[in-house]
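# Notes for the structure review
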Amino acid sequence: MTNIAKSKAIALLLLVAGLAAICTAWGFQLIGGYVPCKLCLEQRVPYYAGLPLTVFGLLLMSRNRPRLASGVMVVVALVFAYGAGLGIYQSGAEWGFWAGPSDCGGGSAGPADAANMLSALKATRVVSCTEASWRMLGLSFAGWNAVASAGLTLLAALSAALSFRGERQS
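What comes next concerns the included structure. (Residues numbered from 1 in each chain as written. Predicted model: local features only at pLDDT ≥ 70, side-chain atom pairs only at ≥ 80, totals over all residues. Heavy atoms only, no water.)

## Quick look at the nonpolar core
Grouped together as the largest cluster of nonpolar side chains are 21 residues, with contacts concentrated most on Leu14, Leu51, Met73, Val76 and Phe80. Listing elements by their share of this core, those giving two or more residues are helix 1 (3–30), helix 3 (45–62), helix 4 (66–95) and helix 6 (141–169). Top contributing element to this core by residue count: helix 4, with six residues. Leu51 has contacts with Leu14, Leu15, Gly18, Leu19, Ile22, Pro46 and Phe80, leaving out every residue within four places of it along the chain. (Core = buried A, V, L, I, M, F, W, Y, C linked by side-chain atoms within 4.5 Å. Buried < 20%, exposed > 50% of the residue type's maximum accessible area, 1.4 Å probe, protein only. Helix = DSSP H or I, 4+ residues; strand = E, 2+ residues; numbered from the N terminus. Contact = heavy atoms within 4.5 Å.)

Have a look at this one:
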């Protein structure tokens, strides 16, 4: 198997794993009823940017443009490294290692009319960035995002390196 073929396979794995991660986040929100905080929503942005860039990198690899593909995959690695950093920041704030953002909160949309405002205020639950709403094996949503984003960073970096090596062998 050539380095380019390995790079494609790793980028495809990155794409599938990234889609699984963002779909899981959406599933917990839409099906599980977990309301994301402002920082939780910000942690989704690297997926919205990184996954389309991964598709672009795969397209470049398929068109035998390994140097450009390598550059794109480096950008993908940086995007997901940023996402891992956000997850670590929020996890640390949840554990009390450092202060979280002072303006972080979320919740449902505001009331449709003024008559329902008081009942809407009673029912609205503001979500804090410093309180974990769920944990599995000791990690919150932010912690699992840090793990997933770090893994995606490594996959993107490996794909970039293999694509670059494949270009040098040509």
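That was the structure; now back to the text.
## Comments concerning the packing of helix 3 against helix 4
When two helices pack together, their arrangement is given by the angle between their axes and by how far apart the axes lie. At a minimum axis distance of 9 Å, the contact between helix 3 and helix 4 shows a crossing angle of 165°. Here helix 3 lies roughly antiparallel to helix 4, going by the angle between them. The interaxial crossing formed by helix 3 with helix 4 has left-handed handedness. Note on element contacts: helix 4 touches helix 3 through Leu68, Ala69, Val72, Met73, Val75, Val76, Val79, Phe80, Tyr82 and Gly83, opposite Pro46, Tyr47, Ala49, Gly50, Leu51, Leu53, Thr54, Phe56, Gly57, Leu60 and Met61. When grouped by side-chain class, the residues that make up the contact of helix 3 with helix 4 number 17 nonpolar, four polar and no charged. (Axes fitted to C-alpha atoms, helices over the stretch in contact; angles between N-to-C directions. Parallel < 35°, antiparallel > 145°, perpendicular 65-115°, else oblique. Left-handed = near helix turned anticlockwise from the far one by under 90°. Nonpolar A, V, L, I, M, F, W, Y, C, P; charged D, E, K, R; others polar.)

## Let's talk about the packing of aromatic side chains
Counted according to the given criterion, the structure contains two aromatic pairs. Over the aromatic face of Trp26 sits the side chain of Arg44, whose NZ or CZ is 4.8 Å from the ring centroid. (Phe/Tyr/Trp six-rings, centres within 6.5 Å; stacked < 30°, edge-to-face > 60°. Lys NZ or Arg CZ within 6 Å of the ring centre and 35° of its normal.)

## Some remarks on the environment of Leu51
Looking at where Leu51 falls in the secondary structure, it is placed in helix 3. Sequence separation of Leu51 and Leu14 is 37 residues, and the distance between their C-alpha atoms is 8.3 Å.

## Focus on the environment of Gly71
Mapping Gly71 onto the fold places it in helix 4. It is 8.5 Å that separates the C-alpha atoms of Gly71 and Phe164, two residues lying 93 residues apart in sequence.

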